[in-house]
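# Overview (structure and organization)
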Amino acid sequence: MASTETPRTGIPHPVINADECKSCMRCIVACPKKCLRLSEHLNRRGVKPVEYSGEGCVGCGICFYTCPEPYVLVIEK
Ligand code: SF4
Ligand code: SF4
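This section reports on the structure supplied with the text. Please read these numbers as outputs of a predicted model, since none were measured by experiment.

When helices and strands are counted, the chain shows 2 helices and 4 strands. Each helix and strand of the chain, placed in order from N terminus to C terminus, yields the pattern β-α-β-β-α-β. Against the 2.2 N^0.38 benchmark of 11 Å for 77 residues, the chain shows a C-alpha radius of gyration of 12 Å, consistent with a compact globule. Projected onto its principal axes, the C-alpha positions of the chain cover 35 × 30 × 20 Å.

Further remarks concern the site of ligand 2. Taken together, 14 residues form the shell around ligand 2, and within it C21, C24, R26, C27 and C67 come nearest. In terms of residue class, the shell around ligand 2 is made up of 9 nonpolar, 2 polar and 3 charged.

Before going further, it helps to examine the site of ligand 1. Ligand 1 sits among 13 residues. The nearest are C31, C57, C60, I62 and C63. Residue composition of the shell around ligand 1, grouped by class: 10 nonpolar, 2 polar and 1 charged.

Here we take up the nonpolar core. Grouped together as the largest cluster of nonpolar side chains are 9 residues: C21, C27, C31, L36, V50, C63, C67, V72 and L73. Not counting chain neighbours up to four residues away, the residues in contact with C31 comprise L36, I62 and C63.

Let us look at the environment of V15. When you line up the elements, V15 lands in strand β1 (residues 13-16). Exposure remark for V15: the 12 C-beta atoms within 10 Å place this residue in the exposed category. For the pair formed by V15 and R44, sequence separation is 29 residues and the distance between their alpha carbons is 18 Å. Among residues more than four places away in sequence, those in contact with V15 are V74 and E76.

Mapped onto the elements of the fold, V74 is located in strand β4 (residues 73-76). In the structure, V74 is positioned 59 residues away from V15 in sequence and 5.4 Å away in space, judged by C-alpha atoms.

Here P14 shows up in strand β1. Residue classification places P14 among the buried positions, given that 22 C-beta atoms sit within 10 Å. Distance in space between the C-alpha atoms of P14 and S53 is 9.8 Å, their sequence separation being 39 residues.

Definitions and limits used
Residues numbered from 1 in each chain as written. Chains lettered and ligands numbered in written order. Predicted model: local features only at pLDDT ≥ 70, side-chain atom pairs only at ≥ 80, totals over all residues. Helix = DSSP H or I, 4+ residues; strand = E, 2+ residues; numbered from the N terminus. Rg over C-alpha atoms; globule rule 2.2 N^0.38 Å. Near = placed C-beta within 6 Å. Nonpolar A, V, L, I, M, F, W, Y, C, P; charged D, E, K, R; others polar. Core = buried A, V, L, I, M, F, W, Y, C linked by C-beta atoms within 7 Å. Buried ≥ 20, exposed ≤ 12 C-beta atoms within 10 Å, placed from the backbone. Contact = placed C-beta atoms within 7 Å.

This is the structure in structure tokens:
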């Protein structure tokens, strides 16, 4: 059976549940590498969710601990 899990790359990166993000921007402000930004598109809540710029994440986890929503933003490696 095929796995539905995201392949591990060994490179830290945030994974965001875009439909559950409330666009509070706490993670964007807190990220020391400034590698998070708002999407151009609205989610099902009608707000622009956070997205990863694609590079720069060092896996510090600050965004995870800053997000007030459980498991909307997690760090994978
Ligand atoms: S883990 Fe750290 S560097 Fe990576 S996106 Fe989150 S706050 Fe930024
Ligand atoms: S802190 Fe969480 S809810 Fe707020 S913008 Fe970031 S991912 Fe979305």
